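One-letter residues, chain by chain:
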Amino acid sequence: MGSGAAGLGWLLACALVAALVLLPVLSLAGHALQGSGELWPHLLAYVLPQALRDSLILLAGVGVLVVLVGSGTAWLVTAYDFPGRRVLGWVLLLPLAVPTYIVAFAYLDLWHPVGALQTGLRELLGYSNPRDFRLPDIRSMWGCILLLGFVLYPYVYLPARALFQMQASGLIDASRTLGAGPFRCFFGIALPLARPAIAVGASLALMEALNDIGAAEFLGVRTFTVSIYSTWVNRSSLAGAAQIALVMLAVVLSLIALERWARRRQRYAAGARQAARLAPRRLSAGRGLLATAVCALPVLLGFLVPAGYLVVEAAKRFNYAGLEQIILRETFNTVLISAIATLAATALAFLLAYTLRLVRTPFANALVRCASLGYAVPGTVLAIGLLAPLAWFDAFIDSASTSLFGLSTGLLLSGSGAALAYAYVARFLAVGSGGIEAGFSKIPHSMDDAARSLGASAGRVARRVHLPLGRPAIAAAMLLIFVDCMKELPATLLLRPLNFETLATHLYGEAARGTYESGAIAALLIVLAGLLPIVLLARVGQGSATAPQAGAAAALPSV
Amino acid sequence: MRFPVMKMPDLPFSSHPAVGVAVGASAVAGGHRLAADGLWHSFGAAGVLRDVSLSLAPGEILCLVGPSGCGKSTLLRLLAGLERVQRGSIAVDGEVIADARRHVLPEKRGIGMVFQDFALFPHLSLLDNVAFGLASLPAAQRRARALEMLARVGLGERAQDAPHALSGGQQQRVALARALAPQPRLMLLDEPFSNLDVRLRHHLRAETRQLLKEGGVASVMVTHDPDEAMFMADRIALMRAGRILQAGSPAELYHHPATPFAAEFFGEVNRYRGKVSGGQVATPLGGIAAPGLAEGAHAEVLLRPEAIHPVAAGTPGAIAAKVVEAHMLGACSLLTLELPDADGGLVRWQAQMPSAACPTGIEQMQLGLYPDGVFVFPLELAA
């Protein structure tokens, strides 16, 4: 049958995509194994123990915090009625718009001993000298845990709320008719049911924490990412960086394994039928205000304070220097490279999602999952893994071109930003394919069959049926990929061409130098872009498991 | 069959220690009564319930029927306490449990509920599901009671299984056992059979009715299926657009519908329009008495297919009709008849009669009419 041959072509294309995504990881393994053996004892003695310890403490702390804040606020806004509940329901998502390096950037300046916060506090308390009164230094492990926790908790909040609202509500109704009070409803029914969703969300948050470069570095926490980066940048040792990266990858894999284990019995959660929304329980005035305060605190810490700071600082800078040329150029760079990567990633994501639909076999599924693995690979690891193949490729093309045409192409990929786009596509492909897959799942398979029986080829069905019907999901996927690219820092730092600055790298540079002022405008622009998908998320439906979430969840590779 | 019921004086919802004897509904001692009075409810601008009142005697099974969106499920959720009362009141045994100001929480009401999707807790075994509502009992008694309830619905062997391992019918039984286990004061059932296939449904509704009657607990069941309502109910309340149109025994609703809607809801009807003349409406099957209708008023006559029956030739008042189509359905046959109208036209009516009365190939038939299957309404009611 024709569909068999066509399916083969689609599968081959997917295999190629998967190979390109996996290339950095394989190259990394190769490099680490053949790498200079003399470095290993040094890494093992001085670098790895601290990287491992710091990373694990950070992950544990952030994990506990995001689960507590995320599921706690999700339960409050779902099950209780209190002042501001509706607004809080969606503003609790806002910290998603603030990348971890920006929140650290903002708080470093705010919390500085002579910064606005501590100066104000001293005045209030009547101290004149910073030496007499000083808050604990934020540049510490606990500072890093708190900051990351309060921007990353929405990863738990969103799926937990969706589950509480949709799937668990019928069961909670049932448990109430059986005499269960609020305590039993939450701990006996809602929490066990939400466990898989919370596990997914928490693992996403932890991936972000592991992936973070700015916050950890600024706050003096030597995570894997920071160690890899400094091994490469300061010691110029690719083998050493590759070796740490490989260990980090092992940590990521165990994180994924842990997440799989935590949601090992997920099937039943998905089986519950969608019931009426949970009718929230009215709280008394005092308790209601307490609930309002509890839900407002994460928004305040994770969004309002840093965003407010950025607005004030950006306004100052704007009044002082206007819109500098350099910001415009960086914005242009950022948008251009992100747009290119978005288009490529979306096209490939469509290919993956459609192939999975066309060829419904475990093999196709495995192939698509492999191609989605990039999302789990931290940006630094991906970049380190790409460095060697890119250098080899550029050198190969250059020498071939020189010998054939007597024309040097120089660093074709690395120098042009193509390498950066490649890294973006590899990393965010899963965001797109997950979202598009979720969108396709609403198109009944009978439609494909009908179109095929009317004589349309697989390609034509994709073009005429799935492209138009999947448009909302595709558009949402594009938006998400675009914003993710704009915010990306670790891979950008390592792979950008010489003298090519994006908003994120500019901000990083300013923060590294301790000159915060002119970074504020760049940071504000990134946060504003980050708000777009959140507005979409809030509009798509209060509580429904939305495309980004589905995308992110689907992005977790099946191990 | 009678099930022995253990004496459980300290069951959470049981306010009457003597409930442990299985008895028929009519003889329930100390059963509970429910009264809902003047309930109005709306979601946003949309009115869902308009002035609904109902009462339930001890041990009685009331079925709320009506097309989807008529407000019956909302009414059930109000009774359970899952929705707050906006206007009107709900009382159990004369004590108000919900009105515009008061809202006894669902977990404090002692009202059991079986949900449409059964709502079994997927992470708990059957035993733990059924034991869930028995939290106030010591562990040993809780277990014993849960096992007893599971045994009563024939699933005692599967106490440790997870809900998803069960078939739909078994899940329904567990849901019923779970709701009954704490001996609720009242039971609410929200379309409990709608997720099951037809054969199973017939079987389970008999079983469910028996269990409810044995427990002697007054129950309100929501369904959109008129057959199910007539089978299950002691009394039926027919709802439409947020109001109770008519309430009464199944026979009353079937034989004395108050509106054309009620007549049509519970069975097929042939419709005929005419004017009242001499206290009667003339139809192709003779004059039908139209009591209470003014002379000359427009009326609509509804005739149930089974009210039309064959008579021997020569019977006074018999009317000849042409058999256009005949379908043998087993014991009954469904016929399409053609009858001459008063205006000289022809009308086609459906008739249902024992197959023995209409041999195959029959072309002509003498017909009579049973009066209890014929209803006359003023035409404006029909609109």
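The rules behind each value
Residues numbered from 1 in each chain as written. Chains lettered and ligands numbered in written order. Predicted model: local features only at pLDDT ≥ 70, side-chain atom pairs only at ≥ 80, totals over all residues. Helix = DSSP H or I, 4+ residues; strand = E, 2+ residues; numbered from the N terminus. Rg over C-alpha atoms; globule rule 2.2 N^0.38 Å. Buried ≥ 20, exposed ≤ 12 C-beta atoms within 10 Å, placed from the backbone. Contact = placed C-beta atoms within 7 Å. Domains from an automatic or database assignment. Nonpolar A, V, L, I, M, F, W, Y, C, P; charged D, E, K, R; others polar. Pairing = 2+ DSSP bridges. Axes fitted to C-alpha atoms, helices over the stretch in contact; angles between N-to-C directions. Core = buried A, V, L, I, M, F, W, Y, C linked by C-beta atoms within 7 Å. Bend = angle between axes of the 7 residues up to and from the residue. pLDDT = per-residue confidence, 0-100.

1. Quick look at the overall build of chain A
Piece 1. For chain A, the helix and strand inventory stands at 24 helices and two strands.
Piece 2. Rg of the C-alpha trace for chain A: 25 Å, near the compact-globule value of 24 Å for 559 residues, within the 12% margin.
Piece 3. Counting only residues that meet the buried cut, chain A has 53% of its 559 residues in that class.
Piece 4. Summarising the internal contacts of chain A: among those between residues at least 6 apart in sequence, 84% fall at separations of at least 24.

2. A few points about the domain arrangement of chain B
All names here are of chain B.
Piece 1. Here chain B is described as being made up of domain 1 (17–260) and domain 2 (270–382).
Piece 2. The C-alpha centroid of domain 2 is placed 40 Å from the C-alpha centroid of domain 1.
Piece 3. Of the residues lining the interface, four residues belong to domain 1; the matching set on domain 2 comes to seven residues.
Piece 4. Considered class by class, the residues forming the side of domain 1 that touches domain 2 number two nonpolar, two polar and no charged.

3. Observations regarding the sheet that holds strand S14 (residues 298–303) of chain B
Residues and elements named next belong to chain B.
Piece 1. Taken together, five strands build an open sheet; the order of strands is S13-S12-S11-S14-S20 and the sheet is antiparallel. Each end of this open sheet is capped by a strand with a single partner; those strands are strand S13 (286–289) and strand S20 (374–378). Recorded for the sheet is a direction-independent mean angle of 35° between the axes of neighbouring strands.
Piece 2. Where strand S12 (residues 280–283) meets S13, four bridges bridge the pair, whose relative direction is antiparallel. Of the residues in S13, the one forming a bridge with valine 281 is isoleucine 288.

4. A short note on the nonpolar core
Piece 1. Grouped together as the largest cluster of nonpolar side chains are 294 residues, with contacts concentrated most on A:Val62, A:Phe105, A:Ala245, A:Ile384 and A:Ala423.
Piece 2. Here this core spans two domains, and each of domain 1 (17–260) and domain 2 (270–382) of chain B adds at least three residues to it.
Piece 3. Those residues in contact with A:Ala245 that sit more than four places away from it in its chain are A:Leu28, A:Ile228, A:Thr380, A:Val381, A:Ile384 and A:Gly385.

5. Section: the sheet that holds strand S19 (residues 364–369) of chain B
Residue and element names in this part refer to chain B.
Piece 1. Here five strands make up an open sheet; going across it, the order is S15-S19-S16-S17-S18 and the pairing antiparallel. Sheet topology places strand S15 (308–310) and strand S18 (346–354) at the edges, where each strand pairs with a single neighbour. Taking the axes of each pair of neighbouring strands and ignoring which way they run, one obtains an average angle of 50° across the sheet.
Piece 2. In this sheet, S19 lies alongside strand S16 (residues 319–328) in antiparallel orientation, the contact comprising four bridges. Bridge pairing in S19 places alanine 321 opposite methionine 365.

6. Topic: helix H17 (residues 418–440) of chain A
Piece 1. At A:Phe428, H17(A) is bent by approximately 45°, the largest bend along its length.
Piece 2. For H17(A), a buried count of 22 out of 23 residues is recorded, marking the element as mostly surrounded by other parts of the structure.

7. A look at the confidence of the model for chain A
All names here are of chain A.
Piece 1. Considering every residue of chain A, the mean pLDDT works out to 85; 92% of them sit at 70 or more.
Piece 2. When the elements of chain A are averaged for pLDDT, helix H24 (residues 547–555) gives the smallest value, 39, and helix H6 (residues 141–152) the largest, 94.
Piece 3. Within the model, the stretch residues 1–5 combines pLDDT values under 50 with two contacts to residues more than four positions away or in other chains.
Piece 4. Taken together, the stretch residues 269–274 has pLDDT below 50 and engages in 14 contacts with residues farther than four places along the chain or on a different chain.

8. Section: the pairing of strand S11 (residues 270–277) of chain B
Residue and element names in this part refer to chain B.
Piece 1. Pairing geometry for S11 and S14, over six bridges, is antiparallel. By the bridge assignment, glycine 274 is partnered in S14 with alanine 299.
Piece 2. Where S11 meets S12, two bridges bridge the pair, whose relative direction is antiparallel. Bridging across to S12, serine 277 finds its partner in glutamine 280.
Piece 3. Linking S11 to S12, which pair antiparallel, is a turn of two residues; within it glycine 278 sits at a positive phi near 65°.

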